[in-house]
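# Working through the structure, step by step
One-letter residues, chain by chain:
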Amino acid sequence: MTKTGRGSFAPFARPLVPVLFALLLPLAVLAQDVDPDTLDLGIRGAYQVGMAEPPLEPGTTLLAMTLDEAIERALENNLDVRSARLSPEMQEFSFRAARAAFNPTLSATTSLNSQTSQPTSQLDGGTQTTTDRQTLNLSVNQPVPWYGGQFSTSFNNSRTSTDNIFATRNPSYSSSLSLSYTQPLLSGRRIDNQRNQLRTQEVQREVSDLQLQNQIDNIAAQVRTAYWNLRSQIEQIEIQERNLAQARQLLENNRIRVREGTMVEMELAQAEAQVASAEQALLNAEIQWRTQELNFKRLLASGAGDPIFQATINPSDLPEFEPQDVDIDAAIQNAMQYRPDLQQQYRQREISEMDLELTRDNARPNLNLTASYSLQGVGGDLFQRDGLGGDPILVAPGGYRDGLSSIAGLEAPNLNLQLNFNYPLGTRATELNLERARLQLRQNEMALESQELQITTEVTNAGMAVTNNFLQLEAARRSREAAERAVEAEITRFQVGASTNFQVVTAQDNLTSQRLSELRATIDYMNAIAEFRRVQGLGH
């Protein structure tokens with residue numbers, strides 16, 4: 001029986017040897033593709049999230065850049081920020097211009113006049129008289145920055161020479177010095193247009209600084225988002241390159257199986273389609289990377305000719321995080337105190353209140369008190385005539401200084417007090433402007449309330465986003481750890497022949513995707529923390 005059994009098995013054993021060899025050979029070949037130390041298919045080293053470098057474009061150099069360096073460069077070179085920095089300077093000139101309205105104004109007038117008159121009576125001083133007159137007048141006017149007053153002083157001088165036979169001083173010199181002050185008693189006393197312009201320009205100067213800070217915070221936030229988006233696109237290229245390499249390796253292994261007779265040639269079509277799909281995915285990733293890099297460079301560039309466009313940027317920072325405690329109530333209080341855009345709205349309301357005060361004051365009647373004091377003096381050669389129209393006899397020589405001496409001696413003072421009242425009858429434009437200013441203030445208050453509500457919502461959502469992104473990050477980390485264990489298990493099964501190359505590739509591809517998901521979750525969490533600070537107005 002024993003001999004018969006051995007003899008009956010031998011004829012069947014010989015044909016099975018090539019078949020078993022054909023079945024075991026592909027597994028032996030596939031087993032050589034696996035590096036259990038790196039958890040990869042022997043194609044390249046182990047994948048680490050954040051360590052990938054961008055493709056180096058021809059004619060460019062690789063430029064490593066940290067996030068802080070990117071923000072610093074953007075705040076120095078970004079055209080929007082540079083333009084915004086000019087606004088406070090321009091506003092400073094506007095403020096100085098408003099303040100210059102209270103500077104004194106010097107006026108000077110000089111004239112020369114010669115007049116010839118034909119007589120109409122014998123008292124006109126001759127058959128024809130000619131009078132030459134020269135004047136030099138100086139005045140200083142200045143609005144004072146309190147109570148709407150206006151101060152003015154003038155110093156007037158003239159020299160007159162004539163052939164009139166009745167003239168007692170020829171040439172005669174006349175000088176006068178006058179001081180005047182006008183004080184509004186009703187409209188314009190509390191506030192006027194010039195003083196209101198000065199104080200509103202001072203508030204506008206603060207608004208300009210707040211606008212600059214808001215622009216800086218926005219650009220810094222855009223740079224941060226673009227920085228991590230660029231890092232994600234670089235990682236996406238790495239993912240797609242590994243997927244393509246794995247697809248090509250799988251295709252090559254399947255070709256070996258076809259040659260060994262363990263797979264029909266028609267089944268190669270699926271592997272070839274997978275390679276084509278991976279090549280297209282890699283191309284799309286590279287296109288998205290170029291677009292994202294260009295957007296990132298635009299934020300950092302000082303112009304179209306900036307050398308940064310000739311570099312390939314490698315975001316060198318690795319995403320890190322620390323768990324953050326979220327106190328939404330405290331964050332809302334910070335936002336109400338520090339948000340630049342909200343502070344701008346507060347300043348706009350303040351300006352509206354100032355305009356309402358001015359409009360209310362303009363609606364009052366005009367009552368102005370003017371007080372003036374002047375001194376006069378005359379000088380020149382003094383003549384006396386014998387009878388009417390007689391020959392002139394010089395009594396006392398004189399000149400221009402005689403008039404000045406008369407002024408200094410207070411010989412001819414003149415004091416004047418005057419009240420001017422002005423009140424239009426009927427419907428007045430000032431009353432209509434007052435009602436309009438009240439509505440404008442109410443509109444600004446409603447806009448402020450709306451903005452406070454919007455900021456409260458933004459801060460609440462940003463705080464919730466920090467918590468939610470942290471939970472998503474924890475879930476992504478657990479998924480990545482589970483994917484790593486799955487790859488280890490799949491490789492172990494593959495080494496003992498219990499798995500296939502396709503299953504190992506699928507597990508490795510899932511691991512890489514989970515690592516990228518963890519990277520994105522980490523970046524989202526970091527951006528959420530930064531956004532939570534931004535909406536509070538705590539700077540970049």
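Right above here is the structure, for reference.
Reading guide: rules and limits
- Residues numbered from 1 in each chain as written.
- Predicted model: local features only at pLDDT ≥ 70, side-chain atom pairs only at ≥ 80, totals over all residues.
- Heavy atoms only, no water.
- Helix = DSSP H or I, 4+ residues; strand = E, 2+ residues; numbered from the N terminus.
- Buried < 20%, exposed > 50% of the residue type's maximum accessible area, 1.4 Å probe, protein only.
- Contact = heavy atoms within 4.5 Å.
- Areas by Shrake-Rupley, 256 points an atom, 1.4 Å probe, with all protein chains shown as cover.
- 1 Å grid on protein atoms, 1.4 Å probe; cavity = no way out; pocket = protein on both sides within 12 Å on 5 of 7 lines; lining within 4 Å.
- Points joined across faces, edges and corners; volume = space filled by probe spheres on them.
- Nonpolar A, V, L, I, M, F, W, Y, C, P; charged D, E, K, R; others polar.
- Axes fitted to C-alpha atoms, helices over the stretch in contact; angles between N-to-C directions.
- Parallel < 35°, antiparallel > 145°, perpendicular 65-115°, else oblique.
- Salt bridge = Lys/Arg side-chain N within 4 Å of Asp/Glu carboxyl O.
- Phe/Tyr/Trp six-rings, centres within 6.5 Å; stacked < 30°, edge-to-face > 60°.
- Lys NZ or Arg CZ within 6 Å of the ring centre and 35° of its normal.
- Patch = residues over 30% accessible without salt bridge, like charges linked within 9 Å, V, L, I, M, F, W, Y side chains within 5 Å.
- Lys, Arg positive; Asp, Glu negative; His and termini not counted.
- Charge placed at Lys NZ, Arg CZ, Asp CG, Glu CD.
- Core = buried A, V, L, I, M, F, W, Y, C linked by side-chain atoms within 4.5 Å.

## Quick word on the overall build of the protein chain
Helix and strand content of the protein chain: 10 helices and 9 strands. Per-residue burial over the protein chain gives 37% buried out of 540 residues. Pairs at least 24 apart in sequence give 79% of the contacts found in the protein chain among residues at least 6 apart. Surface exposure of the protein chain reaches about 30,700 Å², of which carbon and sulfur atoms provide 52%.

## Let's talk about the layout of surface pockets
One water molecule sets the probe size; rolling that probe over the atoms shows where empty space is left. Taken as a whole, the second largest pocket encloses approximately 230 Å³ of empty space. As for the second largest pocket, its lining consists of 15 residues, and the residues nearest its centre are Gly 148, Pro 184, Ser 187, Gly 188 and Asp 192. Within the residue set of the lining of the second largest pocket, elements represented by two or more residues are helix H4 (193–260) and strand S7 (366–385). Across the lining of the second largest pocket, the residue classes tally to 4 nonpolar, 10 polar and 1 charged.

## A closer look at the packing of helix H2 (residues 67–77) against helix H5 (residues 268–300)
Close contact between H2 and H5 brings their axes to 7 Å; oriented N to C, the two are set at 55 degrees. Taken together, the axes of H2 and H5 are oblique relative to one another. Each of Ala 70, Arg 73, Ala 74 and Asn 77 in H2 lies in contact with H5, whose residues at this interface are Phe 296, Leu 299 and Leu 300. Split into classes, the residues belonging to the contact of H2 with H5 amount to 5 nonpolar, 1 polar and 1 charged.

## What about the pattern of salt bridges?
Per the counting criterion, the structure on display carries 21 salt bridges. Linking Glu 206 and Arg 347 is a salt bridge whose minimum nitrogen-to-oxygen distance equals 2.8 Å. With a gap of 141 residues between them, Glu 206 in helix H4 and Arg 347 in helix H7 (residues 340–362) connect regions that are remote in the sequence. Looking at Glu 206, the relative accessible area reads 37%, which means it is partly exposed. The partner of Glu 293 in a salt bridge is Lys 297, and the shortest N-O contact between them spans 3.8 Å. With a gap of 4 residues between them, Glu 293 and Lys 297 both fall in helix H5, about one helical turn apart. There is no split in this pair, since Glu 293 and Lys 297 are both buried. Counted as one network, the salt bridges with shared partners bring together Glu 474, Arg 477, Arg 480, Glu 484 and Glu 518.

## Some thoughts on the packing of aromatic side chains
Applying the stated criterion to the full structure yields 4 aromatic pairs. Arranged with centres 5.2 Å apart and planes meeting at 90 degrees, the rings of Tyr 227 and Trp 228 form a pair that is edge-to-face. Each member of the pair, Tyr 227 as well as Trp 228, carries the same accessibility label: buried. With centroids separated by 5.5 Å and ring planes inclined at 50 degrees, the aromatic side chains of Phe 470 and Tyr 525 adopt a geometry described as tilted. With Phe 470 in helix H9 (residues 429–495) and Tyr 525 in helix H10 (residues 501–535), this residue pair connects regions lying 55 residues apart in the sequence. An aromatic cluster is built from Tyr 227, Trp 228 and Phe 296, whose rings are joined through pairwise contacts. One Lys or Arg, Arg 205, reaches over the ring of Phe 95 and ends 4.0 Å from the middle of that ring.

## Topic: the side chain of Asn 527
By secondary structure assignment, the location of Asn 527 is in helix H10. Residues in contact with Asn 527, not counting those within four places in the same chain, are Arg 224, Thr 225 and Trp 228.

## A few points about the environment of Thr 522
Mapped onto the secondary structure, Thr 522 falls in helix H10. Judged by its relative accessible area of 7%, Thr 522 falls in the buried class. Separated by 46 residues in sequence, Thr 522 and Ala 476 place their C-alpha atoms 8.9 Å apart.

## Comments concerning a nonpolar patch on the surface
The grouping of Leu 185, Leu 369, Leu 417 and Leu 419 at the surface amounts to a nonpolar patch, some 370 Å² of accessible area in total. Here Leu 419 lies in strand S9 (residues 413–422). Using a relative accessible area of 56% as the deciding quantity, one classes Leu 419 as exposed.

## Things to note about a negative patch on the surface
On the surface, Asp 68, Glu 69, Glu 72 and Glu 76 cluster together to form a negatively charged patch. Tracing the backbone shows Glu 69 in helix H2.

## Side note on the nonpolar core
In this structure, Met 65, Ala 70, Val 223, Phe 296 and Leu 300 are the most contacted members of the largest nonpolar core, which totals 41 residues. Looking at this core, the elements that each hand over two or more residues are H2, helix H3 (79–99), H4, H5 and H10. Ranked by the residues each element gives to this core, the list is headed by H4, at 15 residues. Those residues in contact with Val 223 that lie beyond four places of it in its chain are Ala 70, Ile 71, Ala 74, Phe 296, Leu 299 and Leu 300.

## Description of the environment of Arg 85
Turning to its location among the elements, Arg 85 is positioned in helix H3. Taking C-alpha positions, Arg 85 is 9.3 Å from Gln 211, a pair spaced 126 residues apart along the chain. Beyond its immediate chain neighbours, meaning those up to four positions away, Arg 85 contacts Leu 75, Leu 212 and Ile 216.

## Points about H2
For H2, the set of buried residues is Leu 67, Ala 70, Ile 71, Ala 74, Leu 75 and Asn 77. Buried residues along H2 sit in contact with strand S1 (61–65), H3, H4 and H5.

## Comments concerning unusual backbone geometry
In this structure, the amide linkage connecting Asn 170 to the following residue, Pro 171, adopts the cis form with an omega of -5 degrees. Mapped onto the elements of the fold, Pro 171 is located in strand S5 (residues 169–184). Of note in the backbone geometry, Leu 410 takes a positive phi value of approximately 55 degrees without being a glycine. On the basis of relative accessibility, which here comes to 48%, the residue Leu 410 falls in the partly exposed class.

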